[in-house]
Every structure is written in structure tokens, then in C-alpha cells.
Amino acid sequence: MQKLHFNLIAVAIALAFSAGAMAQTLSKTEYHAGKDKISAEYKAAKEACASLAGNPKDICVAQAKGNEKVARAELEASYKPSSKAHYEARVAKAQADYAVAKQTCGAMAGNAKDVCVKEAKSARTAAKANAKVQMKTSDANAVADETSANARDKANSQVAGAHQDARAEKQQAQYVVEKEKCDTYAGGAKDECLKQVNIRFSK
């Protein structure tokens, strides 16, 4: 029930921030109006958290702050579109999700909390790695569209390299999570758990 309550708060706040819905290029007037709207909606979202206390309030505030940062990043990407701007918006989303997840982990204790934090970091790593792949893919394709078949081959090679790097980053992050889970065991059971994890991840 408590988790559902957190999720409802998150959805309510997320719906308030509408800058992310802007897909077309904005005029300067629309851009400044968007900034004002985001500021106003952030203030309202923070005020909505005032009725809460303790960890639920921390989660609510983190969600409000995260949504504001994401909305601003997406507004920038709509105002001055570029692969870098869209990358920054995706990274802002990854950071915002991580901030909320970390606050949610704060209600836990012991190994459950440790695993929760590691999983939040792993999700952030995966999201940022995916964002990097998307940026490099976009840049590589843009170059290839303007040049020869050789450039297209080079672009494809760059994209393949980006995917490989992303897989490695995500695998390492997941490895850290699985190792942390072994801390629920002791003695031989823990050793066996770590051994199996190392085998799975070829360590």
C-alpha cells in the first residue's frame, strides 16, 4: 500500500510537468513561457509534498526536483534540438529516477537497502549507457548521410562499438548488484554464491 502511495504521488507530479510533451522546435517566446511554466509547476509540486513527512516526503521532493530537471532538459532539447541536447535530457531522466530510487531505499535497512541502492545505480548506469548509444548512433548516421559509403561503414563501426561499450557498462553494474545479494549468506553459502556470480559474469 505504501509503495502504491509513492507511485501515485510520482504519477501526479510527473503529469504536472508538461514540457516533455514538446516535440517540435520552440520559438523564443514559447521557450521562455515554458521555463516560467516549469518553475510554477515545480513550486506547486513541492507544496504538494508539504502534507507528507519523513521518507514519503523525501521521495516526493526528490520526484518534484527530478521532474523539474527533466522538464528543463527536454525544453532545451525542444528549443535547440541536437543529439547532445537529447542525450542531456535522457541523462537528466536517469539521474532523476536514481534520486527517487535512492530515497525509496532510505526506508529500508541492512542488506535489502544495500541491494536497493546497487540496483538503483545499475539502472542509472544502464540508462546513461543507452543514452550514449543513442547519441552516438544519431551523430554517426548524420555524418554518414552526408558522405560516402565508406563513411557509412565507419558510422556502423562506431555504433557497434558504442553498443559494445554499453553492454560492458551494464554488465558490470549488474555484476555489482548480484555480488551484493550474496551478502545475505554467510560462510560456505556466501562463497558458493560469489563463485556462481563470478562464473555467470566470467570473472
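Residues numbered from 1 in each chain as written. Predicted model: local features only at pLDDT ≥ 70, side-chain atom pairs only at ≥ 80, totals over all residues. Heavy atoms only, no water.

### Re the nonpolar core
The biggest cluster of nonpolar side chains holds six residues, and these are Leu 26, Tyr 31, Ile 38, Ala 71, Leu 75 and Tyr 79. Elements supplying a minimum of two residues to this core: α2 (28-49) and α3 (54-79). A per-element tally of this core places α3 first, with three residues. Look past the residues within four positions of Leu 26 in its chain and what remains in contact with it is Tyr 31, Leu 75, Ser 78 and Tyr 79. (Core = buried A, V, L, I, M, F, W, Y, C linked by side-chain atoms within 4.5 Å. Buried < 20%, exposed > 50% of the residue type's maximum accessible area, 1.4 Å probe, protein only. Helix = DSSP H or I, 4+ residues; strand = E, 2+ residues; numbered from the N terminus. Contact = heavy atoms within 4.5 Å.)

### Concerning the environment of Glu 47
Looking at the element boundaries, Glu 47 is found in helix α2. Since its relative accessible area comes to 51%, Glu 47 is described here as exposed. For Glu 47 and Val 61, which are 14 residues apart along the polypeptide, the C-alpha to C-alpha distance reads 9.2 Å.

### Thoughts on helix α7 (residues 187-200)
Working note: α-helix, 3.6 residues per turn, so residues spaced by three or four point in the same direction. If you check α7, its first and last C-alpha atoms are 20 Å apart, about what 14 residues at 1.5 Å a residue would give, namely 20 Å. After α7 finishes, the residue Ser 202 shows a positive phi value of roughly 55°. (Expected span 1.5 Å × (residues − 1).)

### Concerning the packing of α2 against α3
Two numbers describe how α2 lies on α3: the axes approach to 9 Å, and their chain directions differ by 175°. Between α2 and α3, the crossing angle belongs to the class labelled roughly antiparallel. Facing α2, whose interface residues are Lys 28, Tyr 31, Gly 34, Lys 35, Ile 38, Ser 39, Tyr 42, Ala 45, Lys 46 and Cys 49, α3 presents Lys 57, Cys 60, Val 61, Ala 64, Lys 65, Glu 68, Ala 71, Arg 72, Leu 75, Glu 76 and Tyr 79. Considered class by class, the residues forming the contact of α2 with α3 number 11 nonpolar, two polar and eight charged. (Axes fitted to C-alpha atoms, helices over the stretch in contact; angles between N-to-C directions. Parallel < 35°, antiparallel > 145°, perpendicular 65-115°, else oblique. Nonpolar A, V, L, I, M, F, W, Y, C, P; charged D, E, K, R; others polar.)

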